[in-house]
Amino acid sequence: VQLQASGGGLVQAGGSLRLSCAVSEHTFSRYTMAWFRQAPGKEREFVAVIRSGGITYYSDSVRGRFTISRDNAKSTVYLQMNSLKPEDTAVYYCAADGGVILSSLRNAQAYDYWGQGTLVTVSS
């Protein structure tokens, strides 16, 4: 399973970006897909997740500003990021796994497959 993330860039505070993650897996619809991020000098942190049935969860820091979605026909997951803040600056990673249990959705170690990361920089 290969994941290819894209869509990062430089944006001013208050702006928007949409990240994409294309997955080379014909059973994509069965996978739980998540976004994590890692800021310089910090640990990787959970951002959002979407399960195979479409249920979504968000971290408190992005809830209401970010939206995760998936297009099973395109084997792609998206992260729409609005009202961006400088503290959202990080490398964003998409992750996939076929069998993440509910209690581990926010745990990076629960995911077997990772994209290469895409840098999001929010200027103040």
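Our subject is the structure that appears above.
Residues numbered from 1 in each chain as written. Predicted model: local features only at pLDDT ≥ 70, side-chain atom pairs only at ≥ 80, totals over all residues. Heavy atoms only, no water.

A. Main features of the side chain of serine 104. As for its placement among the helices and strands, serine 104 is situated in the loop between β9 (90-97) and β10 (113-114). The exposure class of serine 104 is buried, given its relative accessible area of 19%. Those residues within four positions of serine 104 in sequence are excluded, and the remaining contacts are Ala110 and Tyr111. (Helix = DSSP H or I, 4+ residues; strand = E, 2+ residues; numbered from the N terminus. Buried < 20%, exposed > 50% of the residue type's maximum accessible area, 1.4 Å probe, protein only. Contact = heavy atoms within 4.5 Å.)

B. The nonpolar core, seen in detail. Judged by nonpolar contacts, the single largest core of 29 residues is most densely connected at Met33, Trp35, Leu79, Met81 and Tyr92. Breaking this core down by element, the ones donating at least two residues are β1 (3-6), β3 (17-23), β4 (32-38), β5 (45-50), β7 (66-71), β8 (76-81), β9 and β11 (118-123). Formed by 8 residues, the second largest nonpolar core is a distinct cluster that contains Phe36, Phe46, Ala95 and Leu105. (Core = buried A, V, L, I, M, F, W, Y, C linked by side-chain atoms within 4.5 Å.)

C. Geometry of the pattern of salt bridges. Under the defined criterion, the tally for this structure stands at 4 salt bridges. Among the ionic pairs, glutamate 45 bridges to arginine 37, the shortest N-O distance being 2.6 Å. Classification of glutamate 45 as partly exposed rests on a relative accessible area of 36%. Of the charged contacts, one joins aspartate 88 and arginine 37 as a salt bridge, the two residues approaching to 2.9 Å between their closest N and O atoms. Taken together, the residues aspartate 88 in the loop between β8 and β9 and arginine 37 in strand β4 connect sequence positions 51 residues apart. Residue aspartate 88 is classed as buried on the basis of its relative accessible area of 0%. (Salt bridge = Lys/Arg side-chain N within 4 Å of Asp/Glu carboxyl O.)

D. Region of the structure containing unusual backbone geometry. The backbone of serine 75 sits at a positive phi, close to 50°, despite the residue not being glycine. Take serine 75: it is sitting in the loop between β7 and β8. When its relative accessible area of 14% is taken as the criterion, serine 75 is described as buried. Residue serine 83 is not a glycine yet carries a positive backbone phi of 50°.

E. Representation of the sheet that holds β3 within the structure. With antiparallel pairing, the 4 strands of this open sheet are ordered in space as β1-β3-β8-β7. Both outer strands of the open sheet, β1 and β7, are each paired with one neighbouring strand and no more. Looking at each pair of strands side by side, their axes are set apart by 15° on average, direction ignored. Both β3 and β8 contribute to a ladder of 6 bridges, which runs antiparallel. Looking across to β8, one finds that alanine 22 is bridged to threonine 76. (Pairing = 2+ DSSP bridges. Axes fitted to C-alpha atoms, helices over the stretch in contact; angles between N-to-C directions.)

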